[in-house]
Amino acid sequence: MPDIRRYTGVVEATSAFLGAVIAGLLLMAPLDLAWTQQGPLELDLLILNMPRAAAAGAMFAVIAAALAVALGRRTAWVAAFGSAAILLGDHLWNLNNALTGTLITVNYVDSIFGGILLGALTVAVFGRPVATTAFLIGALASILIGDLTSLPTPGGSPSSLVEWAASGTPPLWLVAIAVVALAAGAGIQRAEPRSEEQDGGDLPIGPILSALFLVGMTAVSTEWLVKHAGTPMQIAVVAAGTVAVAVLGALLLPGRDGAVVLTAVAVANSGSAIIAVPRPDWSAPLPLVAVVAGFYAGRRWGSPLLGLFGSAAIGVFAALSAEFGRTDMIVPLLGITAVGALLGYCFADGANTRSAGSTAVALAVLLVPSLVVALRGSSFERVAYSPRWYRDPSGATSAVPGWVSVAVSLGCVIGLVLLYRMRPLDHLPKRPFTQLSASA
């Protein structure tokens, strides 16, 4: 009988990719089209609570990562498997029983355990080059696909692949496969010598505080903004607060790990400003292809500063293309390709963070609807792209979100310069991509 430990690298990479995909889809595309058959009040309450559920999932992701760093790699794998198993059981239980009174509860369960799955996997694969790459590509691609999905058409079934993520993803069979893969990943783990970083067994507080400020500020400020007129002064204050909290969150992380958080804040806003729909079905694989290409480029020529300027460039593109993006199909194609490539590029540097918790914080930033999402939803007073959460191909467009994302990106550039001045590279031992930091 072959020893499965001979295939540890393959098993870990496969498990990490599948687990990241289902976690990202559950967190970013939580509205099942079948639920639209419920009453309008219940559905409206569900959509209203989605930003808060996403914030809860983001916080649980960081807390799970921090606990897993303190408890070890094997614990991280077990937590990932347990979370996926709970998600599978929850989906089986609610397969034909999506009662109107439980829709919000189901969404919170998906978000919380999806966040735990994402955070635990961040630690489980940390220090494993192949598994880390598979995990980040799976997480980024699924988050991007969920974010770029089109508003589902009424009638009970998607009319195109671009609406697929809005129609009950991930499919049950994919969740089941991920559970089996994660069980194998947990089963092959062995006890390893504790790293020097873990000898104290202390809970890393920095990432938790960083996520608390970033997630809390984003959730509170976006909900406040959509309930007010959104005057230029109010938008400027919220944008300045977003940058200030991003810098504070970056400084709470060890070394220069905060750079990936600053780029995540910038890309989250500029990526939300682009026009992503309508687009043809053949473009469905583009987000995944773009993330892979960007990740490869980032591993070879990675630079957080270049990533921030790239984010500003996407914001300019979003602002200038706002007037004709609905009629020219090339605009959404260019936008989603650029955002996917930039995400992969920026997070390739995240693979070099000194702490798995720092990567978890950066991923958490992508999960919470940003300031730009609130601006795009201000007309219907909802933190969403449309009254039904997803991007509306016929929705009104404006150049304001694009220019605001440019301001946020340039503010993060200033934050990055400040971080580099306060954390000189000469005094920071660089943790290489292959060094183990979260073993047990």
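Right above here is the structure, for reference.
It should be emphasised that the depicted structure is a prediction, and the values quoted were computed from it without experimental measurement.

**Re the pattern of salt bridges**
1) Next: Enumeration according to the criterion identifies 4 salt bridges in this entry.
2) Next: Of the charged contacts in the structure, one is a salt bridge between Asp44 and Arg382, with a shortest N-O distance of 2.9 Å. With Asp44 in helix α2 (residues 40-71) and Arg382 in the loop between α14 (371-376) and α15 (400-422), this pair connects stretches of sequence that are 338 residues apart.
3) Next: You can call Asp44 partly exposed: its relative accessible area is 33%.
4) Next: Note that Arg391 is salt-bridged to Asp147, the shortest N-O span being 2.8 Å. Residue Arg391 is located in the loop between α14 and α15, and its partner Asp147 is located in helix α5 (residues 129-148); the two are separated by 244 residues in the primary sequence. Each of the two residues, Arg391 as well as Asp147, counts as buried.

**Topic: the environment of Ser221**
1) Next: Relative to the elements of secondary structure, Ser221 occurs in helix α7 (residues 205-226).
2) Next: Residue classification places Ser221 among the buried positions, given a relative accessible area of 8%.
3) Next: Separated by 14 residues in the primary sequence, Ser221 and Ile235 have C-alpha atoms spaced 9.9 Å apart.
4) Next: At 3.3 Å, the side chain of Ser221 and the backbone oxygen of Thr218 are in polar contact.

**Focus on the packing of α7 against helix α13 (residues 356-367)**
1) Next: Contact geometry of α7 with α13 gives a least axis separation of 9 Å together with a crossing angle of 10°. Compared by their axis directions, α7 and α13 come out roughly parallel. Contacts between α7 and α13 involve Pro207, Ser210, Ala211 and Leu214 from the former and Gly357, Val361 and Val365 from the latter.
2) Next: Partitioning the contact of α7 with α13 into residue classes produces 5 nonpolar, 2 polar and no charged.

**Remarks on the nonpolar core**
1) Next: Residues Leu117, Phe135, Phe347 and Leu366 are the most contacted members of the largest nonpolar core, which totals 110 residues.
2) Next: Excluding residues within four positions of it along the chain, Leu117 makes contact with Gly19, Ile22, Ala23, Ala80, Ser83, Ala84, Leu87 and Leu182.
3) Next: Counting residues in hydrophobic clusters, the runner-up holds 12 residues, among them Ala29, Leu31, Leu46 and Trp389.

Definitions and cut-offs
Residues numbered from 1 in each chain as written. Predicted model: local features only at pLDDT ≥ 70, side-chain atom pairs only at ≥ 80, totals over all residues. Heavy atoms only, no water. Salt bridge = Lys/Arg side-chain N within 4 Å of Asp/Glu carboxyl O. Helix = DSSP H or I, 4+ residues; strand = E, 2+ residues; numbered from the N terminus. Buried < 20%, exposed > 50% of the residue type's maximum accessible area, 1.4 Å probe, protein only. Polar contact = N/O pair within 3.5 Å; in protein donor to acceptor, adjacent residues only side chain to side chain. Axes fitted to C-alpha atoms, helices over the stretch in contact; angles between N-to-C directions. Parallel < 35°, antiparallel > 145°, perpendicular 65-115°, else oblique. Contact = heavy atoms within 4.5 Å. Nonpolar A, V, L, I, M, F, W, Y, C, P; charged D, E, K, R; others polar. Core = buried A, V, L, I, M, F, W, Y, C linked by side-chain atoms within 4.5 Å.

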